[in-house]
Amino acid sequence: MNVSIYQGNETLPLVAAEVTVVIDVIRAFTTSEVAFSKGVDKILMVKDTTKAFDLREGHPELLLMGEVDAHPIPGFDFDNSPWRLHQSDIDITGKTLVQRTTNGVKAVVNNFNPRYTFVTGFSNALSTAVFIKEHISASGVNLIASHPSSDEDMACAEYMKALIEDEGANANDFAQRILDSSAAQKFFNGSDIFLSEDIALCAEEKVNNLFVMEVNRVDETLVMTKTEY
């Protein structure tokens, strides 16, 4: 497979490829992975806060999750913290979430590939790369590091590229880049909003209970679901 890497959350000049993978390590798609691990059924992806509230107005059973510029959104049920979601006593089994984030979700909305679109953080990078290699016949893969400047998503993209192309890669080296990235630093300052536990989860590779998070368009909504393999 020909694997290309891009960076940013706006509409990108991607080469033609059957598969697009959007990466958001800190923290959107790490949080999505935690949600699915806790039994969420699906996640609806929206570009702005107003759309999230509009969806819940019509469907009050929906739970809202996300952030604006990394900060919690008043009126949302969950912020973008994978640790807080992991620790939450709220039963989300079988629930549908609505997710809005500054980088990852925005990059999916702007670069959705109707053939195959996957999302991942570092926690699911190995399982996503293996799934693409073993279960999809494709000549091209576009990896999008959604943070426009920090290194954590690029590190994950380069790790996945090495895995897909069988180049060999030490996961610990890429995990260290996540820990050292500029986006991670505010999580080590003792803030009540930005938790160091978040970054520990974001830099942890899952090697068991493998699944991928795929995005499809249903009517006018982008819907993320979990596929085990």
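Here's what I pulled together on the structure shown here.

Cut-offs used in this document
Residues numbered from 1 in each chain as written. Predicted model: local features only at pLDDT ≥ 70, side-chain atom pairs only at ≥ 80, totals over all residues. Heavy atoms only, no water. Helix = DSSP H or I, 4+ residues; strand = E, 2+ residues; numbered from the N terminus. Rg over C-alpha atoms; globule rule 2.2 N^0.38 Å. Buried < 20%, exposed > 50% of the residue type's maximum accessible area, 1.4 Å probe, protein only. Axes fitted to C-alpha atoms, helices over the stretch in contact; angles between N-to-C directions. Parallel < 35°, antiparallel > 145°, perpendicular 65-115°, else oblique. Left-handed = near helix turned anticlockwise from the far one by under 90°. Contact = heavy atoms within 4.5 Å. Nonpolar A, V, L, I, M, F, W, Y, C, P; charged D, E, K, R; others polar. Salt bridge = Lys/Arg side-chain N within 4 Å of Asp/Glu carboxyl O. Pairing = 2+ DSSP bridges. Expected span 1.5 Å × (residues − 1).

Helices and strands together make up the secondary structure of the chain, namely eight helices and nine strands. Taking 2.2 N^0.38 as the reference for a compact globule, 229 residues should give roughly 17 Å; the C-alpha atoms of the chain span a radius of gyration of 16 Å, in line with that estimate. For the C-alpha atoms alone, the extent of the chain along its principal axes is close to 45 × 45 × 30 Å. Expressed as a percentage of its 229 residues, the buried residues of the chain come to 55%.

Where helix H6 (residues 152-164) meets helix H7 (residues 171-180), the closest approach of the two axes is 8 Å, and the angle between their N-to-C directions is 165°. The orientation of H6 relative to H7 falls into the category roughly antiparallel. Our pair here, H6 against H7, has a crossing hand that is left-handed. Across the interface between the two elements, Glu152, Met154, Ala155, Glu158 and Tyr159 of H6 pack against Ala171, Phe174, Arg177 and Ile178 of H7. Here the contact of H6 with H7 is built from residues that sort into six nonpolar, no polar and three charged.

This model, assessed by the stated rule, comprises 11 salt bridges. For Lys106, the salt bridge is made with Glu10, and the minimal N-O distance between the two is 2.8 Å. Note that Lys106 is positioned in helix H4 (residues 104-111) and Glu10 in the loop between strand S1 (2-7) and strand S2 (19-23), a separation of 96 residues in sequence. Glu33 is the partner of Lys206 in a salt bridge, and the nearest nitrogen-oxygen pair spans 3.0 Å. Of the two residues, Lys206 is situated in the loop between helix H8 (196-202) and strand S8 (211-218) and Glu33 in helix H1 (residues 28-37); the sequence distance between them amounts to 173 residues. Owing to a relative accessible area of 3%, Glu33 belongs among the buried residues under this scheme.

Once that is clear, we can look at the pairing of strand S6 (residues 116-120). By the criterion of burial, S6 is predominantly enclosed, with four of the five residues buried. As defined by bridge partners, S2 adjoins S6 across five bridges and the pair is classed as parallel. When the sheet's bridge partners are listed, Ile23 is paired in S6 with Thr120. The pairing of S6 with S8 spans three bridges and is antiparallel. Bridge pairing in S8 links Val119 to Met213.

Quick look at unusual backbone geometry now. With an omega of 10°, the peptide bond between Ile26 and Arg27 qualifies as cis. Within the secondary structure, Arg27 is located in the loop between S2 and H1. Its identity is not glycine, yet Ala70 carries a phi of approximately 75°, on the positive side. Among the structural elements, Ala70 can be located in the loop between strand S4 (63-66) and helix H3 (82-87). For Ala70, a relative accessible area of 18% gives the class buried.

Before going further, it helps to examine H6. The end-to-end C-alpha separation of H6 is 19 Å, in line with the 18 Å expected for 13 residues at 1.5 Å each. Summarising burial for H6: 11 of the 13 residues are buried, a large majority. Those residues of H6 that sit buried are Glu152, Asp153, Met154, Ala155, Cys156, Ala157, Tyr159, Met160, Ala162, Leu163 and Ile164. As for H6, its buried residues are in contact with S1, S2, S6, helix H5 (125-135), strand S7 (140-145) and H7. Phi turns positive one or two residues past the end of H6, at Asp166, with a value near 55°.

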